[in-house]
Each structure stands twice: as C-alpha cells, then as structure tokens.
Amino acid sequence: MSADERPGAGPEAGKGAGKGESRDPATERELGYVAMRLHVLEALLVAVERRAELVDLVAAADDVASAAAALEGWGLDDAQARAVLDLQVRRLAGRERQRLVSERTRLLARREELGG
C-alpha cells in the first residue's frame, strides 16, 4: 500500500488542522482507524441490505477470489470485499443493520471531534 492509499493520507490528511498546525500522532492514528472502519462499515451496510444477493453470489462463486471479484462489481474495493466475505452469517440479520448504522454515526461524530 502506497503512502497515498493509506487512510488519513493524501489531500484530506491535513484537513482540520489550522494553518501551520499539525495533529499529534495519536490523533492521526485515531483518524486513520476511523477512516478505515467507516470504509468497511459502508461495505457491511451494503452486504446487509443485499444479503439475499450476497448469499447467492457467494454460493455461485468457485472460490473466495471469484466471490471477491464479483463483489467489486457492487462498487466495493478489495478491502471491503474481504470484510464482507469475512462477515459471519449471523451479522446479516436485519437487526444488525441498526447496530452498524449506530457505529457509523458514532464514528462520524468522532471524526468531526478530531477535526477530520
């Protein structure tokens, strides 16, 4: 993974810090974690919404790599596809969606607190 592909890298990395200011390393690490987790949550929410299609897609795939490639057709990147394929079936329950949405809301608020 290049420096520009890492969460918290690239044009958004300095966003929130004032002119001439930089964030402390702990804040940068937390912002990176929040960005990565939000990225994965978006994919998990898609998986829960499309759970019937997901089950059919995985069942029809010859192997994990072809299932991941098919998920890329849903607009998911490799990391998101891996997260969806690692998802436990019980997490596809309809009530799980609210837990994922709550986590997403909490992380968005935390990112705002951190100035990200």
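Residues numbered from 1 in each chain as written. Predicted model: local features only at pLDDT ≥ 70, side-chain atom pairs only at ≥ 80, totals over all residues. Heavy atoms only, no water.

A.B. asks: Honestly, the packing of helix α1 (residues 25–49) against helix α4 (residues 78–86) in this entry has me stumped. Any pointers?
C.D. replies: Think of two packed helices as two axes; the pair is described by the angle between the axes and how far apart they sit. Interhelical geometry of α1 versus α4 gives an angle of 50° and a closest axis separation of 9 Å. Here α1 lies oblique to α4, going by the angle between them. Considering only the axes of α1 and α4, their crossing is right-handed. Of α4, the residues touching α1 (which contributes H39, V40, E42, A43, L44 and A47) are Q80, A83 and V84. For the contact of α1 with α4, the residue count by class is six nonpolar, two polar and one charged. (Axes fitted to C-alpha atoms, helices over the stretch in contact; angles between N-to-C directions. Helix = DSSP H or I, 4+ residues; strand = E, 2+ residues; numbered from the N terminus. Parallel < 35°, antiparallel > 145°, perpendicular 65-115°, else oblique. Left-handed = near helix turned anticlockwise from the far one by under 90°. Contact = heavy atoms within 4.5 Å. Nonpolar A, V, L, I, M, F, W, Y, C, P; charged D, E, K, R; others polar.)

A.B. asks: I keep staring at the nonpolar core and nothing clicks. Help me out?
C.D. replies: Of all hydrophobic cores here, the largest spans 23 residues; its most connected members are L44, L54, L71, W74, L76, V84 and L100. Taken together, the elements giving at least two residues each to this core come down to α1, α2 (51–60), α3 (64–72), α4 and α5 (96–113). The dominant element in this core, judged by the number of residues it contributes, is α1, at nine residues. (Core = buried A, V, L, I, M, F, W, Y, C linked by side-chain atoms within 4.5 Å. Buried < 20%, exposed > 50% of the residue type's maximum accessible area, 1.4 Å probe, protein only.)

A.B. asks: Help me understand the pattern of salt bridges, please; the structure alone is not making it clear to me.
C.D. replies: Pairing is possible between side chains of opposite charge, provided their charged atoms come close. Enumeration according to the criterion identifies 11 salt bridges in this entry. A salt bridge links R110 to E113, with the shortest nitrogen-to-oxygen separation between them at 2.8 Å. Of this pair, R110 and E113 both sit in helix α5, three residues apart, which is roughly one turn of the helix. A relative accessible area of 28% places R110 in the partly exposed class. A relative accessible area of 58% places E113 in the exposed class. Taken together, the salt bridges that share partners define one network made up of R37, R91, E96, R99 and E103. (Salt bridge = Lys/Arg side-chain N within 4 Å of Asp/Glu carboxyl O.)

A.B. asks: Would you explain the packing of α3 against α4 in this entry?
C.D. replies: Here α3 crosses α4 at 120°, and the two axes come no closer than 9 Å. In terms of their interaxial angle, α3 and α4 are classed as oblique. In this structure, α3 meets α4 at a crossing whose hand is right-handed. Contacts between α3 and α4 involve V64, A67, A68, L71 and E72 on the former and, on the latter, D78, A81, V84 and L85.

A.B. asks: Help me out: how do you make sense of the side chain of R23 in this one?
C.D. replies: Structurally, the position occupied by R23 is in the segment before α1. Within the local environment of R23, its side chain forms a polar contact with the backbone oxygen of G115, the two atoms lying 2.7 Å apart. (Polar contact = N/O pair within 3.5 Å; in protein donor to acceptor, adjacent residues only side chain to side chain.)

A.B. asks: Looking at this model, I keep getting lost on α3. Mind explaining?
C.D. replies: One turn of the α-helix equals 3.6 residues, which is why residues spaced by three or four share an orientation. If you check which residues of α3 are buried, you get A67, A68 and L71. Within α3, the buried residues cover an arc of 100° as seen down the axis, which keeps them to one side. For α3, the secondary structure elements touched by its buried residues are α2 and α4. Of the residues that open α3, the one with a side-chain oxygen 3.3 Å from the backbone nitrogen of A65 is D63. (Arc of directions from axis to C-beta.)

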